[in-house]
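Notes for the structure review
One-letter residues, chain by chain:
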Amino acid sequence: MTGREGIVDAHHHVWDLSVRDQDWITGDELAPLRRDFTLADLEPEARAAGVRATVLVQTVTVPGETPEFLALAHGSDLVAGVVGWCDLTAPDVADTLAALRELPGGDRLVGIRHQVQGEPDPDWLLRPDVRRGLRAVADAGLVYDLVVRAPQLPAAARAAALLPELTFVLDHAGKPPVATGALHPWADDLRALAARPNTVCKLSGLVTEADVRSWTVRDLRPYADTVLDAFGPDRLMFGSDWPVCRLAATYQEVVDTARTLLGDLGEDERTRVLATTAERVYGL
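Predicted model, so just to flag it, every value in this text is computed and none were measured. (Residues numbered from 1 in each chain as written. Predicted model: local features only at pLDDT ≥ 70, side-chain atom pairs only at ≥ 80, totals over all residues. Heavy atoms only, no water.)

Before going further, it helps to spend a moment on the nonpolar core. Core analysis: the largest hydrophobic core is formed by 85 residues, its most contacted members being Leu 88, Leu 125, Leu 134, Tyr 144, Phe 168 and Trp 186. Looking at this core, the element that brings in the most residues is helix α8 (residues 217-231), giving 7 residues. Apart from residues no more than four positions distant in its own chain, Trp 186 is found in contact with Ala 150, Leu 153, Ala 173, Gly 174, Pro 176, Pro 177, Tyr 223, Thr 226 and Val 227. Counting residues in hydrophobic clusters, the runner-up holds 15 residues, among them Val 83, Val 143, Val 169 and Val 281. (Core = buried A, V, L, I, M, F, W, Y, C linked by side-chain atoms within 4.5 Å. Buried < 20%, exposed > 50% of the residue type's maximum accessible area, 1.4 Å probe, protein only. Helix = DSSP H or I, 4+ residues; strand = E, 2+ residues; numbered from the N terminus. Contact = heavy atoms within 4.5 Å.)

With that out of the way, let us pick up the pairing of strand β5 (residues 143-146). Because side chains alternate across β5, one face comprises the buried residues Val 143 and Asp 145, and the other comprises Tyr 144 and Leu 146, equally buried. Pairing geometry for strand β4 (residues 109-114) and β5, over 4 bridges, is parallel. Across the sheet, Gly 111 pairs through a bridge with Val 143, a residue of β5. In this region the chain leaves β4, passes through helix α4 (residues 128-139) and returns to the parallel neighbour β5; the handedness of that crossover is right-handed. Taken together, the 3 bridges between β5 and strand β6 (residues 168-170) define a ladder with parallel strand orientation. Bridge pairing in β6 links Asp 145 to Val 169. Remark: the β5/helix α5 (residues 153-162)/β6 crossover connection has right-handed handedness. (Pairing = 2+ DSSP bridges. Right-handed = clockwise from strand over helix to strand, strands pointing away.)

Contact geometry for α8 and helix α9 (residues 251-261): axes closest at 10 Å, N-to-C directions at 55°. Taken together, the axes of α8 and α9 are oblique relative to one another. Crossing of α8 against α9: the hand is right-handed. Here Val 217, Leu 220, Arg 221 and Ala 224 of α8 come into contact with α9, specifically with Thr 257, Thr 260 and Leu 261. Partitioned by chemical class, the residues of the contact of α8 with α9 number 4 nonpolar, 2 polar and 1 charged. (Axes fitted to C-alpha atoms, helices over the stretch in contact; angles between N-to-C directions. Parallel < 35°, antiparallel > 145°, perpendicular 65-115°, else oblique. Left-handed = near helix turned anticlockwise from the far one by under 90°. Nonpolar A, V, L, I, M, F, W, Y, C, P; charged D, E, K, R; others polar.)

Here we come to the sheet that holds strand β2 (residues 51-57). Read from one edge to the other, the open sheet built from 8 strands follows the order β1-β2-β3-β4-β5-β6-β7-β8, with strand pairing classed as parallel. If you trace the sheet from one side to the other, it starts and ends with β1 (7-12) and β8 (236-238), each paired once. Strand-to-strand, the axes of this sheet are offset by a mean angle of 25°, without reference to chain direction. The strands touched by helix α1 (residues 39-48) within the sheet are β1, β2 and β3 (79-84), with β2 carrying the most contacts at an inclination of about 140°.

With that settled, the discussion passes to the side chain of Gln 58. The topology assignment puts Gln 58 in the loop between β2 and α2 (65-74). Judged by relative accessible area, Gln 58 falls into the buried class, the value being 0%. A polar atom in the side chain of Gln 58 sits 3.0 Å from the backbone oxygen of Val 60. Beyond its immediate stretch of four places on either side in the chain, Gln 58 contacts His 13, Glu 65, Phe 69, Val 83, Gly 84, Trp 85, Arg 113, His 114 and Gln 115. (Polar contact = N/O pair within 3.5 Å; in protein donor to acceptor, adjacent residues only side chain to side chain.)

So this is what it looks like as structure tokens:
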């Protein structure tokens, strides 16, 4: 446990393939993920690892998923927040966000995310229609989760500078090239993003950016140390990225690895990364 209350897992997913396909799960490497992963699967693993609350994060860019996730959260004493999806480029994005808030579990909506990593335009976040949508997210009192690849970090930093009223949460540390061992230009671009005070980062997803068959804590440490130095414990939060993490590690192994990577911190600083930063940023 961290402190007295346990861990907050700020990033995980669920899906039911009978309800909706996950069209990103393709190829042999991702084949182990082509099955249902439910809250009933997650809960015993999370509880055993000392997790007391989680944030459920969108997986596909379809309107129907977010209401389903809110309903799941409404019926769960584990899921404390939902990062959903809506079309940021739609003219009625503010109305859409307000309508989501009125649904069962709508009080658990804490953020919005879009698969920017899949957008061919490297400056997608800077488009006027997207920026208008991001302002609506800020006006709704929500945060915006950034799922970007390392080359998209400069655009993310510019977006954060243009929208100081919006908190940007960087998922998976911007997907650094752990498997190659390269630090730059990722580290420089990450620090440029961290220089914006309205940015936060998740210590998540590193095990699947490494060699999933042979990674070690030593492989991850330069990236975790860079993130911690850039953002500090007050702007860093832990996420398991379950079930995607299962390609490389069990839930418990991901938690244990995070604890090891944070081992040089004091207890209060570890508690911030493992729980209270997520509570504060997402308003859990």
